[in-house]
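What follows is each chain in one-letter form.
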Amino acid sequence: MSPGARQAAAMAGGWVLAAGAALVCIMYFSEIRGAARVVAGVGPSLPPSAPMPAREEVTVGKGQRVVGLPAGALGHYRADAEMNGRTVRVLVDTGASIVALTYDDARSIGLSVRDSDFTHRVSTANGVARVAPVMIDRISIGDITVRNVQGAVMEQGKLGTTLLGMSFLGRLQRVDMRSGTLVLQE
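Residues numbered from 1 in each chain as written. Predicted model: local features only at pLDDT ≥ 70, side-chain atom pairs only at ≥ 80, totals over all residues. Heavy atoms only, no water.

Here we look at the overall build of the protein
Along the backbone of the protein there are four helices and 10 strands. If you list the helices and strands of the protein from N to C, you get α-α-β-β-β-β-α-β-β-β-β-α-β-β. Within the protein, the proportion of its 186 residues that are buried is 32%. Taking the contacts inside the protein whose residues are at least 6 apart along the sequence as the reference set, 58% of them involve residues at least 24 apart. Carbon and sulfur atoms make up 54% of the accessible area of the protein, which totals about 11,500 Å². (Helix = DSSP H or I, 4+ residues; strand = E, 2+ residues; numbered from the N terminus. Buried < 20%, exposed > 50% of the residue type's maximum accessible area, 1.4 Å probe, protein only. Contact = heavy atoms within 4.5 Å. Areas by Shrake-Rupley, 256 points an atom, 1.4 Å probe, with all protein chains shown as cover.)

Details of the environment of G95
As for its placement among the helices and strands, G95 is situated in the loop between β3 (86-92) and β4 (99-101). Residue class for G95 comes out exposed when judged on its relative accessible area of 67%. Note: C-alpha distance between G95 and M166 (71 residues apart in sequence) is 7.6 Å.

Side note on the nonpolar core
Judged by nonpolar contacts, the single largest core of 32 residues is most densely connected at M83, L101, I136 and F168. By residue number, the principal contributor to this core is strand β6 (residues 127-141), which donates five residues. (Core = buried A, V, L, I, M, F, W, Y, C linked by side-chain atoms within 4.5 Å.)

Regarding the pairing of strand β10 (residues 181-185)
The element β10 is largely enclosed, with a buried count of five among its five residues. Bridge count for strand β1 (residues 66-70) against β10 is five bridges, and the pairing is antiparallel. Looking at the pairing, L69 lines up with L182 of β10. The sheet contact formed by strand β9 (residues 174-178) and β10 spans five bridges and is antiparallel. Bridge assignment links M177 to a residue of β10, and that residue is L182. (Pairing = 2+ DSSP bridges.)

Encoded structure:
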């Protein structure tokens with residue numbers, strides 16, 4: 001292959017790569033824009049005092065307890081849950097094995113932990129952390145209530161938002177997504 005032909009092939013490959021990148025950017029523009037805003041610190045994340053989106057009505061059989069949570073910023077599902085009689089803002093996280101409480105949220109619902117209670121280590125997206133296993137008497141979202149839910153309190157400052165994990169979600173009859181709404185059914 002002559003040097004001119006190699007140069008033309010390289011140039012054509014570069015144009016194909018640029019066209020592919022442009023196509024990906026066009027297809028995922030809203031996700032890229034949202035992620036860029038979060039990285040820049042101006043993202044759509046909700047401050048702790050921001051009002052929660054209203055729960056949506058979901059039609060099911062008579063007498064069944066169902067809550068619909070609309071997708072929020074970047075497609076995340078957030079809710080105000082009642083834990084042991086106190087309101088706690090949570091992020092619904094099907095990737096979390098258990099309900100993971102921030103240190104401050106645990107204290108606000110009456111769970112007091114000492115340094116010696118942090119007996120387990122867990123792998124998180126931010127690395128390995130120590131946790132204190134706890135039992136949460138009651139967690140409610142809307143009309144749905146689950147009792148005696150396994151949880152863990154993260155070390156102070158290690159978790160920004162309480163995660164509503166599978167120790168709660170796994171005890172529901174149904175958890176699925178429908179048209180941008182997370183449907184929880186007891």
